[in-house]
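Coordinate inspection notes
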Amino acid sequence: MKCIAVYTNSFEQFSDIFEQVINTPLADNEEKVIEGITVSESGEVPQNYIDKMKTKTEVVVMKVKESDITILQHRDVFEIFLPEKEKVVMS
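For the structure given in this document, a descriptive report is provided here. (Residues numbered from 1 in each chain as written. Predicted model: local features only at pLDDT ≥ 70, side-chain atom pairs only at ≥ 80, totals over all residues. Heavy atoms only, no water.)

**Considerations on the overall build of the protein chain**
Test applied: Labels follow the DSSP assignment, with helices taken as runs of H or I lasting at least four residues and strands as runs of E lasting at least two, numbered in each case from the N terminus. C-alpha atoms define the radius of gyration in this analysis, and the globule rule sets the expected value at 2.2 Å times the number of residues to the power 0.38. Contact criterion: two residues are considered in contact whenever any of their non-hydrogen atoms come within 4.5 Å of each other. Charged residues are defined narrowly, with Lys and Arg counted positive, Asp and Glu counted negative, and His plus the chain ends left uncounted. By convention, the point assigned to a charge is CZ for Arg, NZ for Lys, CD for Glu and CG for Asp.
Scanning the protein chain from terminus to terminus reveals 2 helices and 6 strands. Mapped from its N terminus to its C terminus, the protein chain presents α and β elements in the order β-α-β-β-α-β-β-β. Taken against the 2.2 N^0.38 rule, which gives 12 Å for 91 residues, the C-alpha radius of gyration of the protein chain at 13 Å falls within 12% of a compact globule. Dimensions of the protein chain, computed from the C-alpha atoms along their principal axes, are close to 50 × 30 × 25 Å. Residue pairs in contact within the protein chain that sit at least 24 positions apart in sequence constitute 51% of those at least 6 positions apart. Looking at charge distribution, the protein chain has the averaged site of its 10 positive side-chain charges lying 6 Å from that of its 17 negative ones.

Laid out in structure tokens, this is it:
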């Protein structure tokens, strides 16, 4: 899954920019500032990392069911996990 890190500990600030963050194209390891908050494309993350983080008591887990997005919040960061788009090979 693709991971986008949003560096804030404020749920209100995070929710205010969430739609803008997921609709902003980012290159691998690219950082941008959106409304004063640093956002970083963190590359691919294996499912076992997400599963391990979900078991920690200090991690808040959120799901956006209609789009299969998982969000983990811990310390001063929200991690947004986006499912990879399936690649279609035309022959």
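**Focus on unusual backbone geometry**
Just so we agree on the cut-off: Each residue's exposure class comes from its accessible area (1.4 Å probe, protein chains only) as a fraction of the maximum for that residue type: buried when under 20%, exposed when over 50%, partly exposed otherwise.
One non-glycine residue, Glu 35, lies in the positive phi region at around 50 degrees. Residue position: Glu 35 is located in the loop between strand E2 (31–34) and strand E3 (37–44). The backbone phi angle of Asp 68 is positive, close to 55 degrees, even though this residue is not glycine. Within the secondary structure layout, Asp 68 lies in the loop between strand E4 (60–64) and strand E5 (69–74). Its relative accessible area of 42% is what places Asp 68 among the partly exposed residues.

**Points about the packing of aromatic side chains**
Keep this limit in mind: Ring geometry is summarised as follows: Phe, Tyr and Trp rings, the Trp one being its six-membered ring, pair when their centres sit within 6.5 Å, and such pairs are stacked at plane angles under 30 degrees, edge-to-face over 60 and tilted between the two.
One pass over the full model with this rule turns up 5 aromatic pairs. Feature note: the residues Phe 11, Phe 14, Phe 18 and Phe 78 constitute an aromatic cluster, connected by ring pairs.

**A word on the environment of Ile 69**
Inspection of the secondary structure assignment puts Ile 69 in strand E5. Taking C-alpha positions, Ile 69 is 22 Å from Glu 35, a pair spaced 34 residues apart along the chain. Once residues within four sequence positions are removed from consideration, Ile 69 is found in contact with Phe 18, Ile 22, Met 62, Lys 63, Val 64, Ile 80, Phe 81, Leu 82 and Pro 83.

**Some points on the nonpolar core**
A general trend in soluble globular proteins is that nonpolar side chains are found buried together. Using the following cut-off: In these notes, a set of buried Ala, Val, Leu, Ile, Met, Phe, Trp, Tyr and Cys residues joined through side-chain atoms within 4.5 Å is what counts as a nonpolar core.
If you look at the biggest cluster of nonpolar residues, it comprises 17 residues, and the most contacted ones within it are Val 6, Val 21, Ile 71 and Ile 80. The element contributing the most residues to this core is helix H1 (residues 11–22), with 4 residues. Ignoring anything within four residues of it in the chain, the contact list for Ile 80 reads Lys 2, Cys 3, Ile 4, Val 6, Phe 14, Phe 18, Val 21, Ile 22, Ile 69, Thr 70 and Ile 71. The next biggest cluster of nonpolar side chains, apart from the first, holds 7 residues, and it includes Cys 3, Ile 50, Leu 72 and Phe 81.

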